[in-house]
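Chain by chain, the residues:
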Amino acid sequence: MKILALGAHPDDIEIFMFGTLAAYAALGAELTFAIATDGAKGGKGDPAALVKARREEATESATLLGVTPRFLGFPDGALVADAALIDTLKALIGEVQPDLAITHAPNDYHGDHRALSDGVRIAASFEVPVLHADTLGGTGFSPTHYVDISSHWDLKGQAILAHRSQGPEHYLNGARMQNAFRAGQCNGAPGALAEAFRFEPVFPFADIRDLLPPAPRIRPVTVGPKSVK
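Since the structure is predicted, the reported quantities are computational estimates derived from the model, not experimental observations. Every chain begins its residue count from 1, and numbering advances along the sequence as written. Only residues with pLDDT of at least 70 get local features here, since the model is predicted, and only at 80 or more are side-chain atom pairs given and counted; chain-wide, interface and lining totals rely on the full set of residues. To obtain the side-chain values, all non-hydrogen atoms of the structure were used and water was disregarded.

1. Brief notes about the overall build of the protein
- Helix and strand definitions here come from DSSP, where helices need a minimum of 4 consecutive H or I residues and strands a minimum of 2 consecutive E residues; each element is numbered from the N-terminal end. A tally of helices and strands in the protein yields six helices and seven strands.
- When the elements of the protein are put in sequence order from the N terminus, they spell out β-α-β-α-β-α-β-α-β-β-α-α-β.
- What you see for the protein is a C-alpha radius of gyration of 18 Å, in line with the 17 Å of a compact globule of 229 residues.
- Viewed in the frame of its principal axes, the protein has a C-alpha envelope of about 70 × 45 × 30 Å. To get the radius of gyration, use the C-alpha atoms; to get the globule rule, take the number of residues to the power 0.38 and multiply by 2.2 Å.

2. Observations concerning the packing of aromatic side chains
- Planes of paired rings set the category: under 30 degrees apart is stacked, over 60 is edge-to-face and the rest tilted, where pairs are Phe, Tyr or Trp rings (Trp by its six-membered ring) whose centres lie within 6.5 Å. Summed over all chains, the structure comprises one aromatic pair.
- Here the aromatic rings of F18 and F33 are separated by 6.3 Å at their centres, their planes lie at 70 degrees, and the arrangement is edge-to-face. In this pair, F18 sits in helix 1 (residues 12-26) while F33 sits in strand 2 (residues 30-37), placing the two residues 15 residues apart along the sequence.

3. Thoughts on the side chain of H113
- Among the secondary structure elements, H113 is positioned in helix 4 (residues 111-124).
- Under this definition, polar contacts are N or O atom pairs within 3.5 Å; protein pairs additionally need one hydrogen-donor-capable and one acceptor-capable atom, and for neighbouring residues in sequence, both atoms have to be side-chain atoms. Engagement of the side chain of H113 in a polar contact is seen with the side chain of H104, the distance being 3.4 Å.
- Among the polar contacts made by the side chain of H113, one reaches the side chain of D108 at a distance of 2.8 Å.
- Sequence-distant contacts of H113, defined by excluding residues within four places in its chain, comprise A8, H9, D12, F16, H104, A105 and D108. Residue contacts are defined here by distance: any two heavy atoms, one from each residue, within 4.5 Å place the two residues in contact.

4. Re the pairing of strand 4 (residues 100-103)
- Each residue gets one of three labels from its accessible area relative to the maximum for its type: buried under 20%, exposed over 50%, partly exposed in between, using a 1.4 Å probe on protein chains only. Because side chains alternate across strand 4, one face comprises the buried residues L100 and I102, and the other comprises A101 and T103, equally buried.
- Two strands are counted as paired when DSSP detects at least two bridges linking them. Bridge count for strand 1 (residues 2-7) against strand 4 is three bridges, and the pairing is parallel. Bridging across to strand 4, I3 finds its partner in L100.
- Pairing analysis gives three bridges linking strand 4 to strand 5 (residues 130-133), with the strands arranged parallel. The partner of I102 across the bridge, within strand 5, is L131.
- Taken together, strand 4, helix 4 and strand 5 constitute a β-α-β crossover, and its handedness is right-handed. Look down the strands so they point away from you; if going from the first strand over the helix to the second traces a clockwise path, that crossover is right-handed.

Everything listed here is a matter of geometry and, on its own, says nothing about what the molecule does.
Encoded structure:
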């Protein structure tokens, strides 16, 4: 199976979907990471130096799964779903021939995330189904699918922390809190973690369940053991 993961910025794949990608890697899937913008606005100081640092950080984190990321090089903070982006994404999809593309939700918090989501949806057409990752904080997001990442959290944490220029502890804590909440929605056991996604069926892709790693295990709902008289 071939999975194409697309993030707007150099640390987005790690924050929003890295646990699921680690699950895919454990299943033997072939992974491709594509990063749309150069990340030049993700901090203060010399933009060129920041771009270099963020590229190195993204490469380091992707190496955890044996992946060499693709850098599309669009300007940070100015991404739009125009012909240049769509043509680039179409060429990438045509080259990789993925079974599934994963990217940002169309209502995520950052304009670059929304633009990439729109661009991927248009470029994918009827070539590949598109799965949308959770939004930041889960705001305005209604999942249709969940992936159990409990056994892959350590790798996800390492990947986030590789982005040293971004003060990654903040994102690490936020991701763990959100992943714990998503596992709780599935009645996960204490300590369970899950990433959430949304799939909108588009002809001819009506059902993608067979393309996903395992969901959190279903546990029976129990009542309290004590009787009340």
